[in-house]
Amino acid sequence: MRNDINARLIGFRNSMETKKLLIQVDGVPYEIINKALKKRYMPNLKRSLKYSGYKLFPFYSELPSNTPAAQMKIMYGISGLIKGFRWYSKSEKRHYTFKDTITAKYWEEKAINKHKKMVVKDGASYVNMFSGGAKRNILIFSRMLDTNISMRVVNNVIWKFIFLNADFIVRVTKDVIKEFIVEIYEHLKYKIKKRPQRPMNAFPYVRVGNNVFFKEIATMGAIIEMNEMAPAIYLTYTGYDEVAHQRGPETKEAISTLRSIDRSIGKLLKMAQKKGYEVFIFSDHGQSSTTPFKDIFHKELEEEIISLAGIKESVNTTQNGSTRDIMFLCALKKLFGLLIRLGKKVTAGIIKKVFKKSIYGLKKEKIDIARKIIAENSGPLSHIYFNEIEKRAYLEEINEIYNDITDKILLHKGIEFGVVKLKDGFLLKGRFGEIITNNFFDIKEEKGDIFQNIVDIEKELLLNSIKEIATGDDSGDLILFGAILSKNRCVNFEIQYGGHGGIGGMQNKPFIMMKRDLDKDISISDLYSLFQS
């Protein structure tokens, strides 16, 4: 009832057009959603599949298999702009990372300038990388530092309704305490049993932010938007993805996070039915179990390449963590400001003290652009730049300067295969074979079976995906994919025990759940037209 009263003050106009609710469950593979359904972790989704006409399908993630690239394709219908979670521009001498709001804003503005129809145009966007053209943007990474006054006024209305809602405050406080205790217990259990987990001092706070704070804000906000008949609503639940990175996507700890996400989706499904929304529930990519390169070879990837090159140089070690670390801090800042404006200085002080460790435990990501070799890691994908060569380097140039180093890297046991530019095309090479293509990625020569460990993805699809990240002046001089160790496990170039961004295992097979039928297999790029039809 309180939400109904609040919603009438928000300002969306009623519309007779078909309204859509897009629910992204970040990083959940098709295999894992099926496992959660069988284990009865997601009763609301299971009932919807059984009684309400919903159907569940897998689809192909394309490359890079990460949220920035996926949302660029879903929201704007644009492929090829995003080369990874991190990459480098030699011409601009600029480090692009989606741990930086400036990077997110820069690439979204590029997409907007292409003037394509936006999926969330005039609607509402919650806990996303990009806005998708939404009228209201809450916890949108690309808009975190937005100074547009009218946008801030529209957004602040929601913030006030959320934080002045007594039910919300009580529920969140209870869940924060519970989630914090669960994380401390799981951390100690893994430590005692000597199971691998990502070292991250601030993770308990980041987990609370994702599994409670972001989830509740997105759910409550979407309910208010549906009451107000927003034409399109796009929200993301991020809790599973974060825990899966920490301990692995197939672990009980990660899959258990889907219980509370299912409860939230259940609330949205009831409201959507009442208000006449068409609902799509989907993941933007999957996630594979991973073993860090450093755990196997006792060196970072960059350190290994520097060693093979025979040069002495320091190694960058700050490339870890995720976008949500920064989103969490921005949300806390928003909360501090609101409480102070409302005269709640004591409450603001207590919250700031509780989350002090999180605030000071997160470091800004930096690289030294003067280094001779730069490795830009994105989970099981890495762009390698040889900075002594001014422009994007050809195979012959790299080998001439670094004594035929490319084979030493491409045939390394930690690498499945890599891509390097030729003067008239590209070379894809790994331990099981090689492919030479022209500049349009048409195959000219082929030896062995370079993709023998990659199952369930057709060669044509793979080549088209690799083309997306391999073509362009800012792509790496070498583009490397982590070795596939088993069906659902690959090497990760970051310190993560679940990863995505590259090729191999569950990371390339997300899911979509909807009432429509599919008459063919689809990829992530197809969601743009699907959500507008």
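Residues numbered from 1 in each chain as written. Predicted model: local features only at pLDDT ≥ 70, side-chain atom pairs only at ≥ 80, totals over all residues. Heavy atoms only, no water.

K.L.:
Explanation requested: the overall build of the protein in the structure shown.
P.N.:
Scanning the protein from terminus to terminus reveals 19 helices and 20 strands. Within the protein, buried positions represent 60% of all 533 residues. Counting only contacts in the protein whose residues sit at least 6 apart along the sequence, the fraction spanning at least 24 positions is 71%. (Helix = DSSP H or I, 4+ residues; strand = E, 2+ residues; numbered from the N terminus. Buried < 20%, exposed > 50% of the residue type's maximum accessible area, 1.4 Å probe, protein only. Contact = heavy atoms within 4.5 Å.)

K.L.:
How should the packing of helix α8 (residues 203-227) against helix α10 (residues 252-275) be read in this particular structure?
P.N.:
The description of two helices packed together rests on the angle between their axes and the distance between the axes. Where α8 meets α10, the closest approach of the two axes is 9 Å, and the angle between their N-to-C directions is 5°. When the interaxial angle is binned, α8 and α10 end up roughly parallel. Judged by residue contacts, Asn211, Lys215, Thr219, Ala222, Ile223, Met226 and Asn227 of α8 engage Thr257, Ser260, Ile261, Ser264, Lys267, Leu268, Met271, Ala272 and Lys275 from α10. In terms of residue class, the contact of α8 with α10 is built from seven nonpolar, six polar and three charged. (Axes fitted to C-alpha atoms, helices over the stretch in contact; angles between N-to-C directions. Parallel < 35°, antiparallel > 145°, perpendicular 65-115°, else oblique. Nonpolar A, V, L, I, M, F, W, Y, C, P; charged D, E, K, R; others polar.)

K.L.:
Honestly, helix α9 (residues 239-247) in this entry has me stumped. Any pointers?
P.N.:
Given 3.6 residues to a turn, an α-helix orients residues that are three or four positions apart in the same direction. Counting buried residues along α9, nine of its nine residues qualify, which places the element largely inside the surrounding structure. Taken as a whole, α9 has its buried residues at Gly239, Tyr240, Asp241, Glu242, Val243, Ala244, His245, Gln246 and Arg247. Of the residues trailing α9, Gly248 is marked for its positive phi of about 120°.

K.L.:
So what exactly am I meant to see when it comes to the packing of helix α7 (residues 166-192) against α8 here?
P.N.:
In contact at an axis separation of 9 Å, α7 and α8 are set at 150° when each is read in the N-to-C sense. The orientation of α7 with respect to α8, classified from their angle, is roughly antiparallel. You can see that α7 and α8 cross each other, and the crossing is right-handed. Residue-level inspection shows Phe168, Arg171, Val172, Asp175, Val176, Glu179, Phe180, Val182, Glu183, Ile184 and Glu186 of α7 in contact with α8, the latter providing Phe203, Pro204, Tyr205, Arg207, Val208, Asn211, Val212, Glu216, Ile217 and Met220. The residue inventory of the contact of α7 with α8, partitioned by class, reads 13 nonpolar, one polar and seven charged. (Left-handed = near helix turned anticlockwise from the far one by under 90°.)

K.L.:
Help me out: how do you make sense of the sheet that holds strand β7 (residues 232-237) in this one?
P.N.:
One key point about sheets: their strands pair by backbone hydrogen bonds, in either a parallel or an antiparallel sense. Taking strand neighbours across the sheet as the criterion, the seven strands line up as β2-β20-β8-β1-β7-β5-β6 in an open arrangement whose pairing is mixed. A strand with exactly one partner marks an edge of an open sheet, and here the two such strands are β2 (55-58) and β6 (136-140). Adjacent strand axes in the sheet meet at a mean angle of 15° when their direction is disregarded. By the bridge criterion, two bridges tie strand β8 (residues 277-282) to strand β20 (residues 511-514) in an arrangement that is antiparallel. Directly across from Phe282, in β20, lies its bridge partner Ile512. (Pairing = 2+ DSSP bridges.)

K.L.:
Would you take a moment to explain the side chain of Arg371 for this structure?
P.N.:
Summarising the element assignment, Arg371 is placed in the loop between α15 (356-361) and β10 (373-378). Overall, the relative accessible area of 4% leaves Arg371 in the buried class. A polar contact of 2.6 Å, which involves the side chain of Arg371, links it to the side chain of Glu302. Of note is the side chain of Arg371, whose polar atom sits 3.4 Å from the backbone oxygen of Ile373. (Polar contact = N/O pair within 3.5 Å; in protein donor to acceptor, adjacent residues only side chain to side chain.)

K.L.:
Honestly, the packing of aromatic side chains in this entry has me stumped. Any pointers?
P.N.:
Inspection of the entire model under this criterion finds 20 aromatic pairs. Relative to Tyr96, the ring of Trp87 lies with its centre 5.2 Å away and its plane at 35°, an arrangement referred to as tilted. With centroids separated by 5.0 Å and ring planes inclined at 40°, the aromatic side chains of Phe386 and Tyr402 adopt a geometry described as tilted. Of the two residues, Phe386 sits in strand β11 (residues 381-386) while Tyr402 sits in the loop between α16 (395-401) and α17 (405-410), which places them 16 residues apart along the sequence. Judged by relative accessible area, which is 3%, Tyr402 ranks as buried. Site record: aromatic cluster; members linked through ring pairs are Phe85, Trp87, Tyr96, Phe98, Tyr106, Trp107 and Phe130. Over the aromatic face of Tyr277 sits the side chain of Lys19, whose NZ or CZ is 5.5 Å from the ring centroid. Arg247 extends its terminal NZ or CZ atom over the ring of Tyr190, reaching a point 5.2 Å from the ring centre. (Phe/Tyr/Trp six-rings, centres within 6.5 Å; stacked < 30°, edge-to-face > 60°. Lys NZ or Arg CZ within 6 Å of the ring centre and 35° of its normal.)

K.L.:
It is not clear to me how unusual backbone geometry should be interpreted in this structure. Could you clarify?
P.N.:
Negative phi characterises most residues that are not glycine, and trans characterises most peptide bonds. Cis geometry is found at the peptide bond from Leu63 to Pro64, where omega equals -10°. Residue position: Pro64 is located in the loop between β2 and α4 (67-76). Here the phi dihedral of Lys194 falls at roughly 55°; this positive angle occurs in a residue that is not glycine. With respect to the helices and strands, Lys194 occurs in the loop between α7 and α8. If you check the backbone angles, His298 has positive phi at about 60° while not being a glycine.

K.L.:
Is there a simple way to explain the pattern of salt bridges in this structure?
P.N.:
Think of it this way: side chains of opposite charge can pair up when their charged atoms draw near. For the structure on display, the rule yields 25 salt bridges. Where Glu179 meets Arg207, a salt bridge forms, and the shortest distance between an N and an O atom there is 2.8 Å. With Glu179 in helix α7 and Arg207 in helix α8, this pair connects stretches of sequence that are 28 residues apart. In this structure Arg207 comes out as buried when scored by relative accessible area, which is 3%. Within the structure, one salt-bridge network assembled from shared partners comprises Glu179, Glu183, Glu186, Arg207 and Arg247. (Salt bridge = Lys/Arg side-chain N within 4 Å of Asp/Glu carboxyl O.)

K.L.:
Please explain a nonpolar patch on the surface as it appears in this structure.
P.N.:
A cluster of nonpolar residues, Ile184, Leu188 and Ile192, forms a patch on the protein surface that exposes about 290 Å² of accessible area. Turning to its location among the elements, Leu188 is positioned in helix α7. (Patch = residues over 30% accessible without salt bridge, like charges linked within 9 Å, V, L, I, M, F, W, Y side chains within 5 Å. Areas by Shrake-Rupley, 256 points an atom, 1.4 Å probe, with all protein chains shown as cover.)

K.L.:
Where do I start with the confidence of the model for the protein in this structure?
P.N.:
Fine structural detail should not be taken from predicted coordinates in areas where pLDDT scores are low. Of the residues in the protein, 85% have a pLDDT of 70 or more, and the chain-wide mean is 88. Low pLDDT, under 50, characterises residues 1-10; the stretch is placed with 21 contacts to residues that sit more than four places away or in other chains. (pLDDT = per-residue confidence, 0-100.)

K.L.:
I'm lost on the sheet that holds strand β14 (residues 433-437) in this one. Help?
P.N.:
With respect to topology, seven strands assemble into an open sheet ordered β10-β11-β16-β12-β13-β14-β15, the strand pairing being antiparallel. At either end of the open sheet lies a strand with only one pairing partner, and these are β10 and β15 (443-448). Going from strand to strand, the sheet's axes swing by 15° on average, the running direction of each strand aside. Relative to β14, strand β13 (residues 425-430) is paired through five bridges, and the arrangement is antiparallel.

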